[in-house]
Amino acid sequence: MSNLGIKARVLFLGTVPALLFAVIIVGYAIVNIFGLLNESLQDRGKTIASQLAPAAEYGVISGNRQILQKLAQQTLNNEQDVKTVLVVDNQGMVLANSGQELSRAMIDRMMKDNVQALKQQQDIIFTAPIFRSLVEIDDFSHQKDSESNNQAGLGNKLGLDNKKDFSPEKIGLVYVKLSNQSLQNNKFDFIAKTTLIGLLS
């Protein structure tokens, strides 16, 4: 009996640490994979919004809501897991909307706080600014720039600071709401398969 007891203890002491080590390794792998999946969803949402913003520039400048509505609908149809595509002007007025509507309060809050991504229970809302392109269209503009540069050079010689802000003008925003349901399903599926493999092994 004592020999059997010793063998059982040796087996127990040899098995438990290996099992705990395997659990730690699997847990670490799951955390890393989930982190990569979350980052992938974030990157995808930012990419969709950032690509949509310049495409909407002309429609916002011209006030052509038909073009903007068509663009929003195409994005909704072509991009998986996208639930909402919204285009607003710089004052928050809705110019185009496809899919689920976003509340006026949410739009105003995100504009006020300059929020680029808002995570909710089942989705994430991404925003991207629409800028007016800076394009010189006549010789007078080039001449004016040349004169400004000469004045700036003279100012630098005199020890003056003539720096100007040439930041593009923001004329609107796009909002893209991306569902994380597929992401959650992938996570549950991965856990289920990992658990099954562990039990079979």
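What about the environment of Pro168?
Tracing the backbone shows Pro168 in the loop between helix 5 (139–157) and strand 5 (170–179). The exposure class of Pro168 is partly exposed, given its relative accessible area of 38%. It is 6.0 Å that separates the C-alpha atoms of Pro168 and Phe131, two residues lying 37 residues apart in sequence.

Some words on unusual backbone geometry
For Asp81, which is not glycine, the phi dihedral falls at a positive 75°. Of the residues examined, Asp81 reaches a relative accessible area of 22% and is grouped as partly exposed. Unlike most non-glycine residues, Asn114 shows phi in positive territory, near 55°. One can find Asn114 in the loop between helix 4 (104–113) and strand 3 (117–119). A relative accessible area of 58% means that Asn114 is categorised as exposed.

Focus: the confidence of the model for the chain
Scored by pLDDT, the chain has a mean of 78; 69% of the residues are at 70 or more. Long-range and interchain partners of residues 136–142, a stretch whose pLDDT sits below 50, account for three contacts in this model, where long-range means more than four residues apart.

What counts, and at which threshold
- Residues numbered from 1 in each chain as written.
- Predicted model: local features only at pLDDT ≥ 70, side-chain atom pairs only at ≥ 80, totals over all residues.
- Heavy atoms only, no water.
- Helix = DSSP H or I, 4+ residues; strand = E, 2+ residues; numbered from the N terminus.
- Buried < 20%, exposed > 50% of the residue type's maximum accessible area, 1.4 Å probe, protein only.
- pLDDT = per-residue confidence, 0-100.
- Contact = heavy atoms within 4.5 Å.

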